Structure formats: structure tokens, C-alpha cells
Amino acid sequence: MIPSLFETWQTSALRLPAKTALICGDRAVSHTALAAKVGALTSLLAKEGVSNGDRVVVMLDNSIEFVVSMLAVIQLQAVFVPVSPLVRSKKLIYVLSDTQASVLVTQQSLTHVWSDAIAAIELPHSVVKVLADTLLKDVETDEKQAMESLRLSATVHHNDKDLAAIIYTSGTSGRPKGVMLSHGNMSAARHSVQTYLKVREDDIIGLALPTAFSYGLYHVIIGLAVGSTVVLEGNAVFPSVILKNWEKNRVTIVPGVPTFFASLLSQDLTKFDLQSLRILTNAGAAIDKTLVDRLRSAFPDTLLFCMYGLTECKRASYLPPEDLDKRANSVGRGIPEQRHWIVDESGREVAVGEIGQLVVAGPHVMQGYWNRPADTANALRPSPDGTPALYTGDLFHGDSDGYLYFYSRADDVFKSRGEKISPTEVEQVICELSGVREAVVSGIADELLGMAVCAHVRITGVVQLTARDIIGHCSTRLESYMVPKQVIIVDNLPLTESGKLLRASL
């Protein structure tokens, strides 16, 4: 049995008590100091009646307090529900109501959000508010007491099937859904990713991704489990500040998404010493070959892992760095301990090379959607061996060697002139053009075509590009029905709270 999230951190903390566990700005805490803070918050939550199965919503910035809150909630065998600090009151009300949460752990600077939400929410019980930044500010570290408490808490064990977290999807289409993850699901996912990335105890993880979402959260979990140091960035708005912090802390691993990497590459990287960097990972959105080439050119001695996953199973595939040249458009093969296949609309497995929906099975697959039985039944269906299989809603094809190639979200595909169009395919071609930073493609209503291709494009400013240039470039590389009828040059593209492009808003 794979140890639970809390147990893996206990092992690291008891083995490496003096080692720095977390760095955030000018603050750093050892495992001993982290244990003292976890103990303080655990005691307070217990006094508020938090116990097995209770849902605790945590709305905090990327911070030491966020990590403390996660560990304290899990230690009490309650259910950890992370929420982005960028949410509005309306969404916070929805999450609190949907989960019937007993406690909200948050911070003073978000008063304008949580005060409105708590005042407006209608629940049969009152929601207890805990300000983690205030509570944990002056916690003193008694090394002997902190370690003794941690040893005693090692007697708490979690069943693999017990619910550990509910992580809400970013809501790119429709109402956000709460993904239910058991201790077994999260431990299996953590172990798999940690294994293929070969994360080491001496690694320093630079994390600018939001910890409230799966991709960023698991890097915290992996760091705690392995004994690595995690450098938390408050936000990704100022890439030069992030790069300085990575240089200062000798960061070795950086997870990112295409928009984040494009932002980094807009900086003069020669000003920073980043020779310690050994691994970059991309997930959350498909990365085009042009951006891959730019990253590899900027960081020639760094390994780049291109990956695919979703909150419902954390990760489904990864492309080893040595395969980048010969399989540039692939998201790799399945992760360890996973089974997967591709099916057509009737549920039959397709032949090699044919496009269909990716189905994933394994110990990392979610338990279902909180309070959404119909959505759960649609997403989780019996596999041939009877275990639940996740129907991802994403279209892929596979090659004869088992490598997967992302085609599109099933919901994003649209028809023009009766032909199916994958926005991802058009976006990749647009991004081949020198001077293009990012592109997002969607369908727009058209009297003649039914739907026409529309592209919103960000350019670097170094190269002067017009809409006509982009259309002309596409016409030489794409079938005529895939060429954008309309190109709109924009300064910014809308993003979800987790940093993904929000195609639906275009």
C-alpha cells in the first residue's frame, strides 16, 4: 500500500527536521517549523469540531499557510477543498453551499470576498472562518515538542478509499464540478509522477502555478513526500521577479503551462543564472512545437517533459525528453500503473491512427463528481475488467508504438463546410509563424459556412504581423476549410483561474 499524503510528509519531516521545506518570498520554514504550524492549526480546527469527513474550504494565496492548512485538514481526516484566491464571492458561495462546508480557512486580504460570501450564504449551520495568516503568524517553534507531536500523529492512518480532497474544475464549460479524490487516488498519482520525473531529495521546485489547482498542488505534495524544497511564488504576474527568485534559490524543477512559458521567454534570460535548472514540465494545455523549440533553445541543458492530464485523474501521459525530436506533437505514452484506450462514439475501441475519445483506468482515477450523480455516471463507466474507467472527453489518436496525440476537446470541435475542425490543429500552425506569441481558435456563426474559423492572436511586438499575414500563412499549410476567415490581434487572451485559455469566452 502506498503511504498517504500526510504519512509521506511525516516520514520526510522526521528524517530531515532541519531541512528547509518551503520558501515563500523572504520567509522560509524547516520541516520542524512546518510541523509546529500544522500542530497549531490542527488543534484549532479540532476545537471547532472538524473531524472525519467534514469538508474544509481553503482559500489562500500560494503560501506557507496554504500548505499548513492542507496538512492540518488531512491530519484530521477531514476533506480538503482548495479554492483559488481569485474567485469572486458568487463562486465561493457556490463551493461552500455545494460542499456544506463547516469551516473556511482564508486570509485577511480576502475579506472583501469571504465577508460577502458568509453574509449571503444560506446553510443549516454557520461557517466558521479561520484567518490562517493571523493565527500562524506568531507560532513559536519548540523543536522537541513539534517533532514529538509529529511522531504521535503518525498513528493516524487513512483508508485508501477515504475522501481526501474535492478539487473544483476551473469551469471552462458550464458549472464547476467538484472532483472527488480519495487518499488512494492522490497517493497513486503522486507516486507515478514522482517516479517518471525522478524527483530527488536535493531538488528545489519553483512553483508559480496556483496551488489551488491540481497541477500546482501535486508539486507541493511531491516536494513534501520526497523531501525536496518548494519555492512558492505568490503569482506569475512579474516574470522577472520569479526568475530572480529561481536564480537566488538555485531552482531545479519548474512546472508550467504554455502562457507562463511564453511570458518567461519574453524576458532577457541572459540576465539570470539558471544553470541549476534541470527539468521543465508542461501540462494543463497543449504546447505547440514552436514554443517547445524556443524553450529548448533557451534552456539547452534542461529536460523538457510534455504531459497530458486532467483533474479527474491528475496525469494520463508524458513524453520523455528523448522523444521530443521524433514525436514532437505527441503527449507521450501512459503513466505507470495506468491502462488506457481510445473509443468511437458508440464506445468501440478504434484502430491505430483513428481519432476517438481517450479512456483511462487505474488507481489514480477519481471517485466521481461531488453531488453530481448524472455527470459521474457519464464520466465513469465500467472497464472490461469491471473497474471504473474515466471517459476524458478529449479526442486523441494513437500510433503503432502506443504514443498518444491530442486532437481536441470533444466540446471544442466544430464543423465548417461540413468538415470537422480541431482548434488545436489550427492554433499550432498559426504559432509556427515568427512573431506569434499565442493563438486561440474558435468557431463563429456564418450564414454560408454554418461556422467559420476565427483566430485571436497575440504577437510579440518585435515582428509586425497583420491579420492578412496570418491568413496567408495558414492558407499555405492548411486545407481551405480550416483557414481562419477572421483574425483578431489582441493584447491579452482570457485565462481561467488555473492559467488555461478560456476559449468559450471568445
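Up top is the structure these notes are about.
Quick summary incoming for the structure in this document. (Residues numbered from 1 in each chain as written. Predicted model: local features only at pLDDT ≥ 70, side-chain atom pairs only at ≥ 80, totals over all residues. Heavy atoms only, no water.)

### Remarks on the overall build of the chain
Part 1: A count of helices and strands for the chain gives 15 helices and 26 strands.
Part 2: Taking 506 residues into account, the globule formula puts the C-alpha radius of gyration at 23 Å, and the chain, at 23 Å, falls close to it.
Part 3: Once the C-alpha set of the chain is aligned to its principal axes, its extents read approximately 70 × 55 × 45 Å.
Part 4: Relative to its 506 residues, the chain shows a buried fraction of 57%.
Part 5: Counted over contacts in the chain with a minimum sequence separation of 6, partners at least 24 positions apart contribute 68%.
Part 6: Accessible area of the chain: about 21,400 Å², with a carbon and sulfur share of 50%.
Part 7: Here the chain holds 47 positive side-chain charges and 54 negative ones, and the gap between their average locations is 1 Å. (Helix = DSSP H or I, 4+ residues; strand = E, 2+ residues; numbered from the N terminus. Rg over C-alpha atoms; globule rule 2.2 N^0.38 Å. Buried < 20%, exposed > 50% of the residue type's maximum accessible area, 1.4 Å probe, protein only. Contact = heavy atoms within 4.5 Å. Areas by Shrake-Rupley, 256 points an atom, 1.4 Å probe, with all protein chains shown as cover. Lys, Arg positive; Asp, Glu negative; His and termini not counted. Charge placed at Lys NZ, Arg CZ, Asp CG, Glu CD.)

### Here's the deal with empty space enclosed by the protein
Part 1: For the structure on display, the rule yields two cavities of 30 Å³ or more.
Part 2: The space that makes up the largest cavity amounts to roughly 60 Å³.
Part 3: The set of elements that each furnish at least two residues to the lining of the largest cavity consists of strand S4 (79-83), helix H4 (89-99) and strand S7 (163-168).
Part 4: Considered class by class, the residues forming the lining of the largest cavity number eight nonpolar, one polar and two charged.
Part 5: By volume, the second largest cavity is sized at about 30 Å³. (1 Å grid on protein atoms, 1.4 Å probe; cavity = no way out; pocket = protein on both sides within 12 Å on 5 of 7 lines; lining within 4 Å. Points joined across faces, edges and corners; volume = space filled by probe spheres on them. Nonpolar A, V, L, I, M, F, W, Y, C, P; charged D, E, K, R; others polar.)

### Describing the sheet that holds strand S24 (residues 436-446)
Part 1: Taking strand neighbours across the sheet as the criterion, the three strands line up as S24-S25-S26 in an open arrangement whose pairing is mixed. Edge positions in the open sheet fall to S24 and strand S26 (486-489), since each of these has one partner strand only. With direction set aside, neighbouring strand axes in the sheet form an average angle of 25 degrees.
Part 2: Pairing of S24 with strand S25 (residues 450-459) involves 10 bridges; the strand directions are antiparallel. (Pairing = 2+ DSSP bridges. Axes fitted to C-alpha atoms, helices over the stretch in contact; angles between N-to-C directions.)

### As for the packing of aromatic side chains
Part 1: Counted under the stated rule, the structure contains 11 aromatic pairs.
Part 2: Plain terms: the ring middles of tyrosine 196 and tyrosine 318 are 3.8 Å apart, the flat faces sit at 0 degrees to each other, and that makes the pair stacked. Taken together, the residues tyrosine 196 in helix H8 (residues 183-197) and tyrosine 318 in strand S14 (residues 317-319) connect sequence positions 122 residues apart.
Part 3: Relative accessible area serves as the criterion here: at 5%, tyrosine 196 is assigned to the buried category.
Part 4: The class of tyrosine 318 is buried, set by a relative accessible area of 19%.
Part 5: Each residue in the set Tyr196, Phe305 and Tyr318 is aromatic and connected to the rest through ring pairs, giving one cluster.
Part 6: Taking NZ or CZ as reference, arginine 327 lies 3.8 Å from the ring centre of tyrosine 403, over its face.
Part 7: Across from the ring centre of tyrosine 391, 3.9 Å away, lies the NZ or CZ of arginine 381, which sits over that ring. (Phe/Tyr/Trp six-rings, centres within 6.5 Å; stacked < 30°, edge-to-face > 60°. Lys NZ or Arg CZ within 6 Å of the ring centre and 35° of its normal.)

### Focus: the pairing of strand S2 (residues 27-30)
Part 1: Here strand S1 (residues 20-24) pairs with S2 via four bridges, running antiparallel. Bridge assignment links leucine 22 to a residue of S2, and that residue is valine 29.

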